[in-house]
Amino acid sequence: MAPEMRRVDAVIHERLSSQVALIDQISTYIVSAGGKRIRPRLVLLFAQALGFDGPERYELAAIVEFIHTATLLHDDVVDESSLRRGRATSNALFGNAASVLVGDFLYSRAFQMMVSVNRMRVLDVLADATNVIAEGEVLQLINMHDADITVEDYLRVIRFKTAKLFEASARLGAVLGGAERALEDRCADYGRALGTAFQLVDDLLDYEGKSAELGKNVGDDLREGKPTLPLLLAMQRGTEDERQLVRHAIEHGEVERLAEIVALVQRTGALEATRDAAEAEADRARECLAALPESQARQALLELCVRAVHRSS
Ligand code: GRG
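Given the structure is predicted, the values throughout are model-derived calculations rather than measurements.

Things to note about the overall build of the chain
Piece 1. Helix and strand counts for the chain come out as 16 helices and two strands.
Piece 2. What you see for the chain is a C-alpha radius of gyration of 19 Å, in line with the 20 Å of a compact globule of 313 residues.
Piece 3. Counting contacts in the chain only where the partners sit at least 6 residues apart, residues at least 24 apart contribute 75% of the total.
Piece 4. Carbon and sulfur atoms provide 51% of the accessible area of the chain, an area that totals close to 13,400 Å².

Quick look at the nonpolar core
Piece 1. In terms of nonpolar packing, the biggest core is built from 58 residues, with Phe 46, Tyr 190, Leu 194 and Leu 301 touching the most fellow members.
Piece 2. Breaking this core down by element, the ones donating at least two residues are α3 (38-49), α8 (151-176), α9 (181-208), α12 (229-237), α13 (240-252), α14 (258-267), α15 (270-288) and α16 (296-309).
Piece 3. Examining the composition of this core, we find that 11 residues originate from one element, α9, more than from any other.
Piece 4. Those residues in contact with Phe 46 that lie beyond four places of it in its chain are Ala 170, Gly 173, Ala 174, Cys 187, Tyr 190, Leu 289, Leu 292 and Leu 301.
Piece 5. Counting 40 residues, the second largest nonpolar core, distinct from the first, contains Ile 30, Phe 52, Phe 66 and Ile 133.

Structural notes on the packing of aromatic side chains
Piece 1. Counting across every chain of the model gives four aromatic pairs.
Piece 2. Judged by centre distance (5.3 Å) and plane angle (75°), the ring pair of Tyr 107 and Phe 111 falls under edge-to-face. Pair noted here: Tyr 107 and Phe 111 are both in helix α6 (residues 96-117), with a separation of four residues, about one helical turn.
Piece 3. Owing to a relative accessible area of 32%, Tyr 107 belongs among the partly exposed residues under this scheme.
Piece 4. Here the guanidinium or amino end of Arg 87 rests over the ring plane of Tyr 29, the centre of that ring lying 4.8 Å away.
Piece 5. The ring of Phe 198 has Arg 311 sitting right over it, with the charged end atom 3.7 Å from the ring centre.

Criteria and thresholds
Residues numbered from 1 in each chain as written. Predicted model: local features only at pLDDT ≥ 70, side-chain atom pairs only at ≥ 80, totals over all residues. Heavy atoms only, no water. Helix = DSSP H or I, 4+ residues; strand = E, 2+ residues; numbered from the N terminus. Rg over C-alpha atoms; globule rule 2.2 N^0.38 Å. Contact = heavy atoms within 4.5 Å. Areas by Shrake-Rupley, 256 points an atom, 1.4 Å probe, with all protein chains shown as cover. Core = buried A, V, L, I, M, F, W, Y, C linked by side-chain atoms within 4.5 Å. Buried < 20%, exposed > 50% of the residue type's maximum accessible area, 1.4 Å probe, protein only. Phe/Tyr/Trp six-rings, centres within 6.5 Å; stacked < 30°, edge-to-face > 60°. Lys NZ or Arg CZ within 6 Å of the ring centre and 35° of its normal.

Okay, here's the thing in structure tokens:
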């Protein structure tokens, strides 16, 4: 994939340009910090698996990365995060207003690029996906500091805020590949399951990972009072005192007792159970690939299922 991804990066850098220096500065700052580029990879791999090799694939791959980057810029403001991709966040460096506005620039640039692809189905998929992502963030906001949300409530949030863009990326590859609707839906199901697995692991790494490897601050979720699956499961499995400890942390967003809570999440098996849930989603994703003919791209999609679960960043 390396030469393919270099082509995507070339499109990304070409399309970042703006006459406004601050936009150039911030967008280049965040994009050049890297990132795993998983969503563009999904577009390319599904297009390739279905035999499409037109140049629109690079454009669509860059579009989903722009949308992803816009959501990161906005998310770091909402969450008041200070570290992303191993660097100070854009909001920490340039301020909230500049970060939100450059996020808007990237988001609207993505829509300009979509129009240039000139396919109604592409606009349809991405207009729907971005709307659902925004709904997911608002749902998450409503759930903040609420220790009584259910696992289903939590899963709904992560399917909306994270899995939806994975789903759209996979679907777009299938659209380019001229897949019939049933096959397109299978490809989208893969993206949705992979994205769900990916966010489950993101949430467990917040308790298990190391900030240096993760490129962001461990414990941020607890600081914000985010009721993620590791905490929900620890509450289900702990003693009454332990439940109260976690409930208090969610309701007040405290990190003073982070070490105690990490130990509890580990002791109760909540981390393992979260990883099991991610494995189950990855298995679901794998099953969807049976609909594709054998190819190197299909193999790479299978490998992504392993990497989404067994990763440290
Ligand atoms: C602009 C459409 C739009 C919506 C704004 C703030 C917001 C609404 C959405 C945020 C959604 C969000 C950031 C979800 C988390 C997704 C996630 C797991 C991000 C990290 O993805 P990685 O690990 O990042 O792929 P890298 O750095 O590798 O690119």
